[in-house]
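# Fold and geometry: a report
Listed here are the chains, written in short residue letters.
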Amino acid sequence: MTSGQVMRIDAGAAEAIAIGAGILGTGGGGNPYLGLLMTREMLRWGANISLVDVADVPDEAVVCGIGAMGAPTVGIEKLPRGDEPLAALRALESHAGRRVTHLIAGEVGGANAMQPLIQSAFSGLPAVDGDGMGRAFPELQHCTFSIGGIACTPAAIADCHHNTTVFPRLRDTVTLERFARAVTVQMGARAGYAFPLMSGAEMRRTAVRGSYTLARAIGEAVLTARDRHADPVATILGSTDGTLLFAGRIADVERRLVAGFARGTLRLNGSGQFAGTQAEIAFQNENLIAWTGAGRERVLATVPDLISLVDEQTGDPVTTEMVRFGLRVAVLGMPAPAQLKTAAALAVVGPAAFGYDVPYRALPGVYGGALLLVI
Amino acid sequence: LPVKLRIGVDVGGTNTDAVILDGRRLLAAAKRPTTADVTEGIVAALAAVIAEADVSRAAIGRVMIGTTHFTNAVVQRRDLRRTAVIRLGAPATELLPPFVDWPVDVVAAVNGRGIIVPGGFEFDGREISAFNAASIRDAIVALKTADVEAVAVSSVFSPVSDAHERRVAAMLADALPGVAVVCSADIGRIGLLERENAAALNAALTGLAARTTDAFVAALAEMGLDAELFLTQNDGTLMRAETARRFPVRTFASGPTNSMRGAAYLSAVQDAIVLDIGGTTTDAGALTHGFPREACAAVAVGGVRTNFRMPDLVSIGLGGGSIVSAGGASVGPQSVGRDIHTQSRVFGGPVTTATDVAVALGRATLGESPALADDVARRAGAEIDAMLADLVDRTKVTADDLPVILVGGGALLVGAGGIAGVGSVLRPEHGGVANAIGAALAQVSGEIDRVVSLAETDRRAAIATATDQARRQAIDAGAAPDRLTTVEVDEVPLAYLPGNAVRLHVKVVGDLP
């Protein structure tokens, strides 16, 4: 999508975005399935959902991040009422004395990718074709809004009864994460959130542009390959300028729960052009680093570049929860958005920030490749 | 006391198979066509197998039946009752009503309607909203008007507390006598939509379940058998006929499970890859410790997502009837299917099939040797071998060299050379009745899956309580109290919650006395 255009979301586009969001989740981010169902329900009720280009949001616009937070296991049982994030947004508006004009996703990778679409349907507000990560990361401080110096407060969260809590001022995103978590547990461990609140100018300076265009293109590539029984991996790579880092069978998975995060490593035995070689991937919810060679001999890619596993046959994303012995996967590498590659960003989302003494060497190309270069 | 024998029966779409076992020894096997009324086919198979084994009917203590009847009814959208769902959870869950994401023709077939009312629970047992009897009474009026025949009741976090579901069930029983009522807490585990879907399918199947179990009972009576009757469930264990009558969905996917369990028994190995080669497809699954590996993804039955644990099967379009094309470079997925006896060359037909290739290459002796060009047969043979080797590789759960067990009519496709990368290929005798044998050998189980707060109970006490409940379930299902084994204790800490909530899954399996 280029400047001046508006992306109208129908059921087909929503499905493609959900698939692409799963792949951009780089192993984490949660499953977009329920979000896709909710989007479809809103469309069935006749809602209009539109996305506008980042470049088309005026300076004086009021943009707010929205999504859902809480325990994933609770999320599949206590399904949402649907408009919890909007209830949080309304509370935030009355606190701040400003009306929000545009919605934006915190992270396009995974389940929360669908929230701007759903809340756009509820509110009639346009959502932005962009987000704060261009992928998924485990914590709030990893987002480009935070890295770019946008204050995380005021922030608000709401539950299914529209009980709301506003956090007028907290000193940083880590503190917000802690406070919001405590209240979310009281709300039944699931809540809708609204933050950060920013001007159009601030959003344009910090947001990753075109991430929904990219998610949609990836999803459409998968769907087309499925229809034509074509190779989905080649189709995804062709439409994103990604690199095939490795392909093979998962030979070993090792997992441990560290401070609430699913950390672990998985080992792969190569097949096809990678036959006879091995690879290893370290993950913490999301995939962090990929090496090749039996003993981590050469780094293939690291965060913040995107390392995504997809099913070799179907192109479906393979999350770090799903990986297990015997699965045949392709490991895709995609360049990170420019905002995540600055020195300031690398201090937060680079390999060292996750405890790995490995230098960041950027994959060739730009986020979204030719697809996003033309906009 | 005379030795009590057991009979295993597999009621398939085409054939009804029966076997008699004395302990773990196979005495006799029989195969008869499945009949529309089910009863006659079972009676014929029972009569044949009893005659062949030459045993007294009084010596038969138990009959175990595996059937795909209920799965097929959903797949074919037939024999389904007009079904409603009452869900407790409002205002939560409102955007995703019951029957969301069902194929429209299944919703039409059950005339599905959903009502969401206040109630339901949080993960820690607090109420989301207070139970509201007036809203239930309103719902009952609406259900009466719609003339529903069955109702599924679901509540948010009923695996933590089923109190609201039970209250609604009691009100329904009072107000709508004759309407079947199913509580989701009796059906599945955490995951509201999938559990509710399974409960709704179960409600829709209650009519067929009553008729079918009656037919089973009638077949036993007609045969003069005074035996306990069990049906097999998706995890390979048994439930009593009375239970199956109430919970027919628990039989979903019992077919492949029985087939794999039977294959393990027939070949006397516990860890293997089972290849079930039919006429059109080959199903591959992994056996570990004699049980099929379970799929981790949600399993759709007739297009409806459920969260049953089902065997993790990989299927490819290769079978005895697969059509050979491109000069032997391509085999399947098109197949002549059940017409193999008229269409394939070995039987004088015009179509080159995988079976023709097997005969031409000397892997099997069957019909007349087909006139196949040498290079076509060689190429097609190599393609079949490559497809099977790849399938085995994809199904493996460890890097070890596992034996492969071949069952099904298409097993003749595999030559004496075996399968590339596989050390040993086993072809058990009676592989054609593996399903019925798996049914006859099934055990009983009890299972608990719930979220517990370890802030209130200590960890060991929580596991002990759950294990005790699972043991009691297994004993209620018929297990001998002194022959129970706890086969699974899973504790999954719920990310995000303040370090005290865990999802606890305990499974106990036992032998019948």
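Everything numeric here is computed off the predicted structure, so don't read it as measured data. (Residues numbered from 1 in each chain as written. Chains lettered and ligands numbered in written order. Predicted model: local features only at pLDDT ≥ 70, side-chain atom pairs only at ≥ 80, totals over all residues. Heavy atoms only, no water.)

### Quick word on the overall build of chain B
For clarity, the threshold we go by: Labels follow the DSSP assignment, with helices taken as runs of H or I lasting at least four residues and strands as runs of E lasting at least two, numbered in each case from the N terminus. By the convention used here, residues are in contact when the closest approach between their heavy atoms is within 4.5 Å. Only the protein chains shown count as cover for residues, and the accessible areas themselves come from Shrake-Rupley with a 1.4 Å probe. When charges are counted, Lys and Arg are positive and Asp and Glu negative, with His and the chain ends excluded. Taken as the charge centre is NZ of Lys, CZ of Arg, CG of Asp or CD of Glu, depending on the residue.
Helix and strand counts for chain B stand at 13 helices and 23 strands. Considered along the principal axes of its C-alpha atoms, chain B spans approximately 75 × 55 × 50 Å. Considering only residue pairs separated by 6 or more positions, chain B has 67% of its internal contacts joining residues 24 or more positions apart. On chain B, roughly 19600 Å² of surface is accessible, and the fraction owed to carbon and sulfur atoms is 50%. Each charge class in chain B can be summarised by its mean position, and for the 46 positive and 57 negative side chains these summaries are 2 Å apart.

### Concerning the overall build of chain A
Summing up its helical and strand segments, chain A has 12 helices and 16 strands in all. In terms of its C-alpha atoms, chain A occupies a principal-axis envelope of roughly 60 × 45 × 40 Å. The contacts in chain A between residues at least 6 apart in sequence include a share of 73% that link residues at least 24 apart. Charge separation in chain A, taken as the distance between the mean sites of 31 positive and 34 negative side-chain charges, equals 3 Å.

### Brief notes about the pairing of strand β4 (residues 60-67) of chain B
All names here are of chain B. For clarity, the threshold we go by: Burial classes follow relative accessibility: with a 1.4 Å probe on protein chains only, a residue under 20% of its type's maximum area counts as buried, one over 50% as exposed, and anything between as partly exposed. At least two DSSP bridges between two strands are needed for those strands to be called paired.
The element β4 is extensively covered by neighbouring structure, given that 8 of its 8 residues are classed as buried. With 7 bridges connecting them, strand β1 (residues 5-11) and β4 associate as parallel partners. Opposite Arg6, over in β4, you have Arg62 as the bridge partner. Inspection of the sheet shows β4 paired to strand β9 (residues 228-232) by 4 bridges, in the parallel sense. When the sheet's bridge partners are listed, Arg62 is paired in β9 with Glu228.

### Side note on the sheet that holds strand β6 (residues 113-118) of chain B
All names here are of chain B. Rules: In this analysis an axis means a line fitted to C-alpha atoms, helices contributing only their contacting stretch, and an angle means the value between N-to-C directions, from 0 to 180 degrees.
Spatially, β6-β5-β7-β8 is the arrangement adopted by the 4 strands of the open sheet, whose pairing is parallel. Edge positions in the open sheet fall to β6 and β8 (180-183), since each of these has one partner strand only. Strand-to-strand twist of the sheet, defined as the mean angle between neighbouring strand axes without regard to direction, takes the value 20°. Pairing of strand β7 (residues 150-155) with β8, which is carried by 4 bridges, proceeds in the parallel orientation. The residue bridging Ala150 from the neighbouring strand is Ala180, located in β8. The strands touched by helix α5 (residues 163-175) within the sheet are β5 (83-90), β7 and β8, with β7 carrying the most contacts at an inclination of about 155°. Against the sheet, helix α6 (residues 192-222) contacts β5, β7 and β8, and its axis sits at roughly 160° relative to β7.

### Structural notes on the packing of helix α9 (residues 211-228) of chain A against helix α10 (residues 232-240) of chain A
Axes are the key here: two packed helices are described by the angle between their axes and the distance separating the axes. Residue and element names in this part refer to chain A. To be explicit about the condition: Should an angle fall under 35 degrees it is called roughly parallel, over 145 degrees roughly antiparallel, and 65 to 115 degrees roughly perpendicular, with every other angle called oblique. A clockwise turn of the near helix away from the far one marks a right-handed crossing, whereas an anticlockwise turn of less than a right angle marks a left-handed crossing. Under the grouping applied here, Gly and all other residues not named as nonpolar or charged are polar, the nonpolar ones being Ala, Val, Leu, Ile, Met, Phe, Trp, Tyr, Cys and Pro and the charged ones Asp, Glu, Lys and Arg.
Remark: α9 packs on α10, axes separated minimally by 8 Å, with the N-to-C direction vectors making an angle of 150°. Considering the angle they form, α9 stands roughly antiparallel to α10. Here the hand of the crossing between α9 and α10 comes out right-handed. Residues Leu214, Ala217, Ile218, Ala221, Val222 and Ala225 of α9 form the contact with α10, whose own contacting residues are Pro232, Thr235, Ile236, Ser239 and Thr240. Class assignment of the residues belonging to the contact of α9 with α10 gives a composition of 8 nonpolar, 3 polar and no charged.

### Observations regarding the packing of aromatic side chains
What counts, and what does not: Only Phe, Tyr and Trp rings take part, Trp by its six-membered ring, and two of them pair if their centres are within 6.5 Å. Stacked means planes under 30 degrees apart, edge-to-face means over 60, and tilted covers everything else. Here, a charge over a ring is recorded when the distance from Lys NZ or Arg CZ to the ring centre is within 6 Å and its angle to the ring normal is within 35 degrees.
All chains considered together, the criterion is met by 5 aromatic pairs over all chains. Residues A:Phe137 and A:Phe354 carry aromatic rings whose centres are separated by 6.0 Å and whose planes lie at 20° to one another, so their mutual orientation is stacked. Here A:Phe354 lies in the loop between α11 (343-349) and α12 (369-373) and A:Phe137 lies in the loop between β5 (127-131) and α6 (144-147), a separation of 217 residues in the sequence. Per residue, the accessibility class of A:Phe137 equals that of A:Phe354, and both read buried. Taken together, a centroid distance of 4.8 Å and an interplanar angle of 70° make the contact between B:Phe99 and B:Trp102 edge-to-face. Since its relative accessible area comes to 9%, B:Phe99 is described here as buried. Judged by relative accessible area, B:Trp102 falls into the buried class, the value being 7%. Cation over ring: B:Arg261 sits above B:Phe291, and NZ or CZ is 4.1 Å from the ring centre. When the ring centre of A:Tyr33 is taken as reference, the NZ or CZ atom of B:Arg305 above it lies at 3.7 Å.

### So, the interface of chain A and chain B
Our working rule: Here the quantity called buried area is the total loss of accessible area, with a 1.4 Å probe, experienced by two parts when brought into contact, counted for both. When a carboxyl oxygen of Asp or Glu lies within 4 Å of a side-chain nitrogen of Lys or Arg, that pair is called a salt bridge. Each polar contact in these results corresponds to two N or O atoms within 3.5 Å; when the atoms are within protein, one needs to be able to donate a hydrogen and the other to accept it, and residues that are neighboring in sequence are counted only if both atoms are side-chain atoms.
At the junction of the two partners, chain A supplies 40 residues and chain B supplies 44 residues. Roughly 3400 Å² of surface becomes buried between chain A and chain B when both sides are summed, with 60% attributable to carbon and sulfur atoms. The interface formed by chain A and chain B contains 6 salt bridges. Summed over the shared surface of chain A and chain B, the result is 19 residue pairs in polar contact (both at pLDDT 80 or more). Looking at the side of chain A that touches chain B, the elements that each hand over two or more residues are α2 (33-44), β3 (62-70), α3 (72-75), α5 (115-123), α7 (173-186) and β10 (243-258) of chain A. The element that contributes the greatest number of residues to the side of chain A that touches chain B is α2(A), accounting for 8 residues.

### Overview of unusual backbone geometry
Residue A:Pro304 is bonded to the preceding A:Val303 through a cis peptide linkage, with omega at 5°. Considering the arrangement of structural elements, one finds A:Pro304 in the loop between β14 (298-302) and β15 (306-311). Cis rather than trans, the peptide bond between B:Gly332 and B:Pro333 has omega equal to -5°. Residue placement: B:Pro333 occurs in strand β18 (residues 330-335). Unusually for a residue other than glycine, A:Arg296 sits at a positive phi of about 55°. Turning to its location among the elements, A:Arg296 is positioned in the loop between β13 (286-292) and β14. Positioned with a positive phi, B:His430 is a non-glycine residue whose angle comes to about 65°. Inspection of the secondary structure puts B:His430 in the loop between β20 (425-426) and α12 (434-440).

### Focus: the nonpolar core
Stated precisely, the cut-off is as follows: We call a set of buried residues a nonpolar core when its members are Ala, Val, Leu, Ile, Met, Phe, Trp, Tyr or Cys and they connect through side-chain atoms within 4.5 Å of each other.
Among the nonpolar cores identified, the biggest contains 108 residues, and A:Ile9, A:Leu89 and A:Met203 are the most heavily contacted of them. If sequence neighbours within four positions are ignored, A:Ile9 has contacts with A:Ala14, A:Ile17, A:Leu43, A:Ile49, A:Leu51 and A:Leu117. Counting residues in hydrophobic clusters, the runner-up holds 65 residues, among them B:Ile7, B:Ala28, B:Ala204 and B:Ala244.

### As for α10(A)
Residue and element names in this part refer to chain A. Selection criterion: The arc in question is the one spanned by the directions pointing from the helix axis to the C-beta atoms.
Taken residue by residue, α10 has Pro232, Val233, Ile236, Leu237 and Thr240 as its buried positions. Projected onto a plane normal to the axis of α10, the buried residues spread over an arc of 130° and lie on a single side. Its side-chain oxygen 3.0 Å from the backbone nitrogen of Val233, Asp231 forms the N-cap of α10.

### Here's the deal with empty space enclosed by the protein
For clarity, the cut-off: A 1.4 Å probe that fits into a set of points on a 1 Å grid over the protein atoms alone but cannot get out defines a cavity; an open set with protein on both sides within 12 Å along at least five of seven lines defines a pocket, and lining residues are those with an atom within 4 Å of a point. Grid points are joined across faces, edges and corners, and a volume is the space filled by probe spheres set on the points.
The tally for this structure, following the rule as stated, stands at 2 cavities of 30 Å³ or more. Taken as a whole, the largest cavity spans an internal volume of roughly 50 Å³. Along the walls of the largest cavity sit A:Tyr33, B:Val100, B:Asp101, B:Trp102, B:Leu193, B:Glu194, B:Asn197, B:Gly303, B:Val304 and B:Arg305, which together make up its complete lining. Where the lining of the largest cavity is concerned, the elements lending two or more residues are α6 and β15 (304-306) of chain B. Here the element with the most residues in the lining of the largest cavity is α6(B); it accounts for 3 residues. For the lining of the largest cavity, the residue count by class is 5 nonpolar, 2 polar and 3 charged. In this structure, the second largest cavity encloses a volume near 30 Å³. Around the second largest cavity, the lining residues are A:Gly22, A:Ile23, A:Thr26, A:Gly27, A:Ser308, A:Leu309, A:Pro317, A:Val318 and A:Thr319.

### Quick look at the packing of α2(A) against α5(A)
Residues and elements named next belong to chain A. One can describe the packing of α2 onto α5 by two numbers: an axis separation of 9 Å at closest approach and a directional angle of 25°. By the angle class used here, α2 and α5 are roughly parallel. Judged by the sense of rotation from one axis to the other, the crossing of α2 with α5 is left-handed. Across the interface between the two elements, Gly35, Met38, Thr39 and Met42 from α2 touch Gln115, Leu117, Ile118, Ala121 and Phe122 from α5. The class makeup of the residues in the contact of α2 with α5 is 6 nonpolar, 3 polar and no charged.

### Section: the pairing of strand β10 (residues 237-240) of chain B
Residue and element names in this part refer to chain B. Pairing of β9 with β10, which is carried by 3 bridges, proceeds in the antiparallel orientation. Bridging across to β10, Phe230 finds its partner in Arg240. Hairpin connection, β9 to β10: the antiparallel pair is bridged by 4 residues, and Gly236 has positive phi, about 90°. Pairing of β10 with strand β21 (residues 443-453), which is carried by 2 bridges, proceeds in the parallel orientation. Across the sheet, residue Thr237 finds its bridge partner in β21, namely Gln443.

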